[in-house]
Amino acid sequence: MKLLSLNERLGLISYRNQAKSDIKPHIRVDTEICNTVCPHKCTTYVCPANCYTMDEEGKVHFQVEDCIECGTCMYACDQGAVTWEFPDPEIGRGVTWNFG
Amino acid sequence: MDEKFDCIIVGAGVAGLAAAMTLARNNIKFLLIEKGEFAGAKNVSGGVIWGHDLAKLVPEYWKEEDGGWDRFINHRRLTFIDDQSSFSIDFKSDHFNEAPYSGVIVLRSKFDRWLAGKVEEAIAESDYAMDSFVATNILVEEVLMEDGKAVGIRTGDEKFYADSVIIAEGVNNLLTRQVGLQDKYVPADHMLTGVKEIIRYDQKVLEDRFQLNGLSGMSNEYVGFATRGVEGGGFLYTNRDTISIGLVLGLKDLREKNLKPYDILNDFKTHPVVRDTIRGGVVVEYSAHVVSSGDKRVMPDKLYKDGLLVCGEAANLLMNAGKAIQGMDYAMRSGILAAENIIEAKEKQDFGNSQMKKYQDNLSDSYVMQDIDNFQDAVHLLHNPVMYQKMPNLINHFGRNFFTISNEPTQKARDMLRASVKEHASYWDLIKIGIKGARSL
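Note that the structure is a prediction, hence the values are computed from the model and not measured.

### Describing the overall build of chain A
Argument step 1. For chain A, the count of helices and strands is four helices and six strands.
Argument step 2. Listed by position from the N terminus, the elements making up chain A come as α-β-β-α-α-β-β-α-β-β.
Argument step 3. Against the 2.2 N^0.38 benchmark of 13 Å for 100 residues, chain A shows a C-alpha radius of gyration of 14 Å, consistent with a compact globule.
Argument step 4. Considered along the principal axes of its C-alpha atoms, chain A spans approximately 40 × 40 × 25 Å.
Argument step 5. Burial analysis of chain A (100 residues in total) assigns 54% to the buried set.
Argument step 6. Look at the contacts in chain A between residues 6 or more apart in sequence, and 69% of them connect residues 24 or more apart.
Argument step 7. Of the accessible surface of chain A, which amounts to about 4,600 Å², a share of 48% is contributed by carbon and sulfur atoms.
Argument step 8. Separation between the mean location of the 9 positive side-chain charges and that of the 14 negative ones in chain A comes to 5 Å.

The following block contains the structure:
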């Protein structure tokens, strides 16, 4: 069967407040820590939704829009860079599973 | 809602709903709060509910035309794979066809919502038909503590008060950490990440391919080449007209091996054995969630405080000891036990520490903690590279030789096995695994 790219996979997911442009991020990442002291920058590959990316200069960037609240980064980051909360139902972005 | 509740339950997953159902049936005034749009909206599982507790919660659930569950399991398969072969232990029996079933496959968005409907029905029949609630779309940000006692919860600027709080918030247990029962930072060491796809088929195709009959279903676990050498394994469950297929990957190992979970999932799907099994379907959902391993080292020591109980995966109650991944049945039992404690506490009008401690005592006496205590060695064994890498290679090497008929003089099986051991492991590995395995299972 055809294999899906991550973008195709994420395209199947329903998010709350998808149409809102002004959402409150539920995860805060101190990328200063990622880009100075972190030896592995692991969030850029362990995150199942690829919310963490690395640019050409090796700097870590974070976007919350695709987050599916799985919790992986909260455990994987052992540098204290990730502050993890659940999204606010009204003004946050968050996932609603169709199957689960 | 200015009036005080007997109990506030945080989280309408399996644990929270089991607690709520038990409270409703016993005329307790409670508030069940869920952050998702509906119960199950944010929940992900493999997943199978093992055992008979569901029948206690919803008697004769199997008689319902379109209940919340997908299929009952009468066919189980454990598959060891190397790069191109598979060697399975396969067990199917009509013995499992009789209700109450010993395992039902569920999809949480559907199952939890259905179970929440049952809770609503139980509330409507209780003395507190107008005073107990299931409230969705509300995020609990804080458990309110006064003099070391839980007295309610806060959401935004609003506060709700109760004699007791049951935390059933799931594995990402922020409130459990907030009240000090779990460390603020839980390291990746004994945690895993699950990634899963739901693949849809024509129902007839699905039933023919997996030899399903009526609502019977199959569970298949995979050990070995499924994970590109990352600690963990794969799973496949048949739903009504979809399958759930995925991997559970050790988070620390994933970090060390520099691999992406969704890439490993694609590798798994292209494995010759898996590829032929899943051919032709359409992917309709991709999901992921952190999951506990069952290693006691990560579990909170204490599951109660004055006026407060923790149950389900918030207490890391989940275990894979090789026989099955058990989590939702633990959630169910712990939710029931937590609610029974609240019922007793209300009778005695005592929600203090010593009364709350009885919940943990009862949990320790139940199969949940007995199994978790007794199978710790099995949990460690499963996360041993000899077990999840060398063993599947060895078994398949042997299988290939054993099942090859070559018009040459045939070796005795014993000699073939010796050759496989030499190729893929050492006798010392096997002796160690043998001793550990015999002790742990």
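### Examining the nonpolar core
Residues and elements named next belong to chain B.
Argument step 1. Counting residues in each nonpolar core, the largest one holds 86 residues, and the members touching the most others are Ile9 and Phe30.
Argument step 2. Tallying contributions element by element places helix 9 (residues 328-348) first for this core, with 11 residues.
Argument step 3. When near neighbours in sequence (up to four residues on either side) are disregarded, Ile9 contacts Gly16, Ala19, Ala20, Leu23, Phe30, Leu31, Leu32, Ile33, Ile166 and Ala168.

### Here we look at the domain arrangement of chain B
Often the size quoted for an interface is simply the accessible area lost on bringing the parts together.
Argument step 1. We note that the domain assignment places domain 1 (5-42 + 107-185 + 297-374) and domain 2 (384-440) within chain B.
Argument step 2. Once you take the C-alpha centre of each, domain 1 of chain B and domain 2 of chain B turn out to be 46 Å apart.

What counts and how
- Residues numbered from 1 in each chain as written.
- Chains lettered and ligands numbered in written order.
- Predicted model: local features only at pLDDT ≥ 70, side-chain atom pairs only at ≥ 80, totals over all residues.
- Heavy atoms only, no water.
- Helix = DSSP H or I, 4+ residues; strand = E, 2+ residues; numbered from the N terminus.
- Rg over C-alpha atoms; globule rule 2.2 N^0.38 Å.
- Buried < 20%, exposed > 50% of the residue type's maximum accessible area, 1.4 Å probe, protein only.
- Contact = heavy atoms within 4.5 Å.
- Areas by Shrake-Rupley, 256 points an atom, 1.4 Å probe, with all protein chains shown as cover.
- Lys, Arg positive; Asp, Glu negative; His and termini not counted.
- Charge placed at Lys NZ, Arg CZ, Asp CG, Glu CD.
- Core = buried A, V, L, I, M, F, W, Y, C linked by side-chain atoms within 4.5 Å.
- Domains from an automatic or database assignment.

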